[in-house]
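Tertiary structure, described
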Amino acid sequence: AALSAKGVLQEKHEAQRTGDAALVQAKESKVALDTVDLHAITEGTSENPTQNYEALLPLLKELALDQSLQSALPSVCAKQAADRGSFDSMVLEQLGQTLRDAAAAHTKVAEEALPASKDREAAIEAAQTNVDAENAAQLAAAQALSAADEAKKAATATAKVAKDALAAFEPEYLQATEVRDAQAKKLEDFKVKSVGNFEFLRDNAATATANTGGA
């Protein structure tokens, strides 16, 4: 089944998380390497040599440094420059080169991973746009449904008012109709009676005229 817009967005975020793992690790390692005061270690000018060595400890696990050199580092880092011999200098030179190589390697990883990371970020932005559009459409549909419900309620209320008004008016209407019909009947009766009287008088007058003429 096709994923919803939110499902696609979650998928893109997961792709970014897994895809950017190497980039994030490279950046973090580069930052850690940059925090090492290599100059103070190699020149023996640090006021706290032990602290500089301890700053190296988390990095030694990933550095491709010979085990014998790693073993020599604690004593070498603790010495002042004037107290160091050729072996100490070799150890520090190898340490410096290893740190520089590691920093360059992490920089390369980050640079190579950056374009794909940007593509994943763009995919997330596009997915977020689709989520926003889907949310807006759902909100508009909900608002339209709510408006339709309100209109239906208003129409129902109006119809009830009209029905109640008609029911209240019906007795008055029936009474008025009865009065109208009664008045109409009276008028009709009056017409019939009046016409009958007129015809009676007319016929009597005609008979009287005829009788007078015959005499």
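Procedures and definitions
Residues numbered from 1 in each chain as written. Predicted model: local features only at pLDDT ≥ 70, side-chain atom pairs only at ≥ 80, totals over all residues. Heavy atoms only, no water. Helix = DSSP H or I, 4+ residues; strand = E, 2+ residues; numbered from the N terminus. Buried < 20%, exposed > 50% of the residue type's maximum accessible area, 1.4 Å probe, protein only. Contact = heavy atoms within 4.5 Å. Areas by Shrake-Rupley, 256 points an atom, 1.4 Å probe, with all protein chains shown as cover. Polar contact = N/O pair within 3.5 Å; in protein donor to acceptor, adjacent residues only side chain to side chain. pLDDT = per-residue confidence, 0-100. Expected span 1.5 Å × (residues − 1). Core = buried A, V, L, I, M, F, W, Y, C linked by side-chain atoms within 4.5 Å. Salt bridge = Lys/Arg side-chain N within 4 Å of Asp/Glu carboxyl O.

Below, the discussion takes up the overall build of the protein. Within the protein, the secondary structure is distributed over six helices and zero strands. With the C-alpha coordinates aligned to their principal axes, the bounding extent of the protein is approximately 185 × 30 × 25 Å. Split into buried and exposed, the 215 residues of the protein put 22% on the buried side. Within the protein, counting contacts between residues at least 6 apart in sequence, those at least 24 apart form 69% of the total. Of the roughly 15100 Å² of accessible surface on the protein, 59% is carried by carbon and sulfur atoms.

On to the side chain of D20, then. Here D20 shows up in the loop between α1 (5-19) and α2 (21-34). Among the polar contacts made by the side chain of D20, one reaches the side chain of S117 at a distance of 3.1 Å. Aside from chain neighbours lying at most four places away, what touches D20 is A15, S117 and R120.

Next up on the list: the confidence of the model for the protein. Regions with low pLDDT should not have their predicted coordinates read in detail. Scored by pLDDT, the protein comes out at a mean of 83, with 96% of its residues at no less than 70. Within the protein, helix α4 (residues 49-60) has the poorest average pLDDT of any element, 75, and α1 the best, 88.

A separate point is α1. For α1, which comprises 15 residues, the first-to-last C-alpha distance of 21 Å matches the rise-based estimate of 21 Å (1.5 Å per residue) to within 8%. Considered for burial, the residues of α1 that qualify are A5, G7, L9 and Q16.

Grouped together as the largest cluster of nonpolar side chains are 21 residues, with contacts concentrated most on L33, I41, L56, L63, L73, L95 and L99. Those residues in contact with L99, other than ones at most four positions away along the chain, are L33, V36, L38, L56 and L63. Counting five residues, the second-largest nonpolar core is a separate cluster that includes L9, I124, A127 and V131.

Counting across every chain of the model gives six salt bridges. Its salt-bridge partner being D164, residue K160 comes within 3.0 Å of it at the nearest N-O pair. Of this pair, K160 and D164 both sit in helix α6 (residues 86-214), four residues apart, roughly one helical turn. By relative accessible area, D164 is classed as partly exposed at 40%.

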